[in-house]
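# Structural description and commentary
So you can see what is in the structure, the chains are spelled out below.
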Amino acid sequence: MLKIANYEFSSHLLLGTGKYADFHLQKSAVEASETEILTFAVRRMNIFEASQPNFLDMIDVDKYTLLPNTAGAKTAEEAVRIAKLAKASGLCDMVKVEIIGDQKTLLPDPFETLKACEALLNEGFIVLPYISDDVVLAKRLQELGVHAVMPGASPIGSGQGILNPMNLAFIIEQATVPVVVDAGIGSPTDATLAMELGASGVLLNTAVSDAKDPVKMALAMKLAVEAGRHGFEAGRIPKKTYASASSPTEGMSTVEQG
Ligand SMILES: CC(=O)[C@@H](O)[C@H](O)COP(=O)(O)O
């Protein structure tokens, strides 16, 4: 169970809604993933343009929690404005704060993110900030009262997977709110590793939307996230330097030769 503020989800996989070749393919991929949370860029979706094509028209929106994100914002002020717009349209009181600080790497701006989170919390939003894998920032945001933290595995759309598992492990270790690994996931292995590290969820987009077969990849990601979660809950064995036999020979009778 993934619990964020007063929301509860059976699936630990969150999907982005950008970059799909067409809406029909996207619908099938979303269904195969069995996700319950879809995030979308308020500025990129035509939610306020009834005449424009909109993916949300294709799906049964009641089956999903729609998580607006502030992609496109470069300042706290812009992010707050976008979040308020989304809330006013009656979509969701939860918001993924995404404020990009560098256009080449698409890495988030920690200062503007902190500022926006403070303002949005004061406005009563459920706040999920997208951040770099920065342990101290994750702590500061937690202290501020955010409802989840979303550290990146690697730059958005890079598919490089988890570049610094140690930082993610540190964030998870000291977390008092859910940690959702967001961005840079390239393969099911990456998603499994994030969950095995103890993440509460994984958010991804490109790995599915740009896969050769997005529907099959969506299914693979669902299974990968589930496998990682089970592995985490089961508790992996510690790594040892030396071998220890899987079939101990102690007490075994020896078979004489000849
Ligand atoms: C859709 C969304 O919110 C993205 O900003 C997110 O970070 C996904 O990143 P990937 O495309 O690398 O999975």
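For every chain, the first residue of its written sequence is number 1, and the numbers climb from 1 along that sequence. Residue-level local features of this predicted model are given only where pLDDT is at least 70; pairs of side-chain atoms are given and counted only at 80 or more, and the full residue set underlies all totals for whole chains, interfaces and linings. Just so you know, side-chain values use all the structure's heavy atoms and leave hydrogens and water out.

The protein is annotated in an unreviewed UniProt entry as Thiazole synthase of Pullulanibacillus camelliae. UniProt lists a comment for the protein under the heading Sequence similarities (unreviewed entry), and it reads "Belongs to the ThiG family." Listed under Function (unreviewed entry) in UniProt, the entry text for the protein is "Catalyzes the rearrangement of 1-deoxy-D-xylulose 5-phosphate (DXP) to produce the thiazole phosphate moiety of thiamine. Sulfur is provided by the thiocarboxylate moiety of the carrier protein ThiS. In vitro, sulfur can be provided by H(2)S." UniProt positions are given in the numbering used here, feature names are shortened, and annotations may be inferred rather than shown by experiment.

What follows covers the pattern of salt bridges. Salt bridges are counted wherever a side-chain nitrogen of Lys or Arg sits within 4 Å of a carboxyl oxygen of Asp or Glu. This model, assessed by the stated rule, comprises 10 salt bridges. Among the salt bridges present, the one from Arg43 reaches Glu78, with a minimum N-O distance of 3.4 Å. Here Arg43 is found in the loop between β4 (37-41) and β5 (65-69), whereas its partner Glu78 is found in helix α2 (residues 76-88), with 35 residues between them in sequence. Burial classification: accessible surface area is computed with a 1.4 Å probe over protein chains only, and a residue below 20% of its type maximum counts as buried, one above 50% as exposed, and the rest as partly exposed. For Arg43, a relative accessible area of 51% puts it in the exposed group. Measuring nitrogen to oxygen at the nearest pair gives 3.2 Å for the salt bridge that ties Lys115 to Glu112. Here the residue Lys115 and the residue Glu112 both occupy positions in helix α3 (residues 110-122), the gap between them amounting to 3 residues, near one helical turn. Strands are runs of DSSP state E lasting at least 2 residues, helices are runs of H or I lasting at least 4, and numbering of each runs from the N terminus.

Moving on, we come to the site of the ligand. Whether a residue is near a molecule or strand is decided by its heavy atoms; if any one of them lies within 4 Å of it, the residue is near. Taken together, 14 residues form the shell around the ligand, and within it Lys96, Gly157, Asp182, Asn205 and Thr206 come nearest. Whenever a nitrogen or oxygen atom comes within 3.5 Å of another N or O atom, the pair is scored as a polar contact, on the condition that within protein one atom can donate a hydrogen and the other can accept it, and that pairs from neighbouring residues in sequence are kept only if both atoms are in side chains. Here an oxygen atom of the ligand sits 2.7 Å away from a polar atom, N or O, in the main chain of Gly157. Between the ligand and the protein, one listed contact pairs an oxygen atom with a backbone N or O atom of Asn205 at 2.8 Å. Protein coverage of the free-state accessible area of the ligand, which is 360 Å², stands at 92%. Reported accessibility uses the Shrake-Rupley method at a 1.4 Å probe radius. Residues are deemed covered only where the shown protein chains occlude them.

Residues other than glycine seldom take positive phi values, yet Glu34 does so here, at roughly 55°. In this structure, Glu34 sits in the loop between α1 (23-33) and β4. With a phi angle near 90°, Ala183 is a residue other than glycine that sits in the positive phi range. Take Ala183: it is sitting in the loop between β11 (180-182) and α6 (188-196). With a relative accessible area of 9%, Ala183 lands in the buried category.

Now for the environment of Pro214. Tracing the chain through its elements places Pro214 in helix α8 (residues 214-234). Judged by relative accessible area, which is 5%, Pro214 ranks as buried. Along the backbone, Pro214 and Leu25 are 189 residues apart, and their C-alpha atoms lie at a distance of 7.5 Å.

Our focus in this paragraph is the pairing of β5. Within β5, 5 of the 5 residues are buried, leaving the element largely enclosed by the surrounding structure. Alternating residues of β5 divide into Thr65, Leu67 and Asn69 and Leu66 and Pro68, and every residue in both groups is buried. Pairing between strands requires that DSSP locate at least two bridges from one strand to the other. In the sheet, β4 pairs with β5 via 5 bridges, with the strands oriented parallel. Note that in β5 the partner of Ala41 across the bridge is Asn69.

Along the chain, pLDDT gives the predictor's confidence residue by residue, from 0 to 100. In the predicted model, the protein carries a mean pLDDT of 93, and 95% of its residues have values of at least 70. Complex prediction metrics read pTM 0.93 and ipTM 0.95.

Pairing of aromatic rings covers Phe, Tyr and the six-membered ring of Trp, with a centre-to-centre limit of 6.5 Å; geometry is then stacked below 30 degrees between planes, edge-to-face above 60, and tilted otherwise. Taken as a whole and assessed by the stated rule, the structure comprises 2 aromatic pairs. Plain terms: the ring middles of Phe23 and Phe55 are 5.9 Å apart, the flat faces sit at 50° to each other, and that makes the pair tilted. Of this pair, Phe23 sits in helix α1 while Phe55 sits in the loop between β4 and β5, placing them 32 residues apart in sequence. Counted as over-ring charges are cases with an Arg CZ or a Lys NZ within 6 Å of the ring centre that also lie within 35 degrees of the ring normal. Lying across the ring of Phe125, Lys87 places its NZ or CZ 4.3 Å from the centre. Looking at Lys96, its charged tip hangs above the ring of Tyr130, at a distance of 5.2 Å from the centre.

With that out of the way, let us pick up the UniProt feature "active site" (unreviewed entry) in the protein. Annotation from UniProt places "active site" (unreviewed entry) at Lys96. Examined against the element boundaries, Lys96 turns out to sit in strand β6 (residues 94-97). By relative accessible area, which is 4% here, Lys96 ends up buried. The contact criterion used is simple: two residues touch if any of their non-hydrogen atoms lie within 4.5 Å. Sequence-distant contacts of Lys96, defined by excluding residues within four places in its chain, comprise Thr39, Leu67, Pro68, Asn69, Thr70, Leu128, Tyr130, Met150, Asp182 and Leu203.

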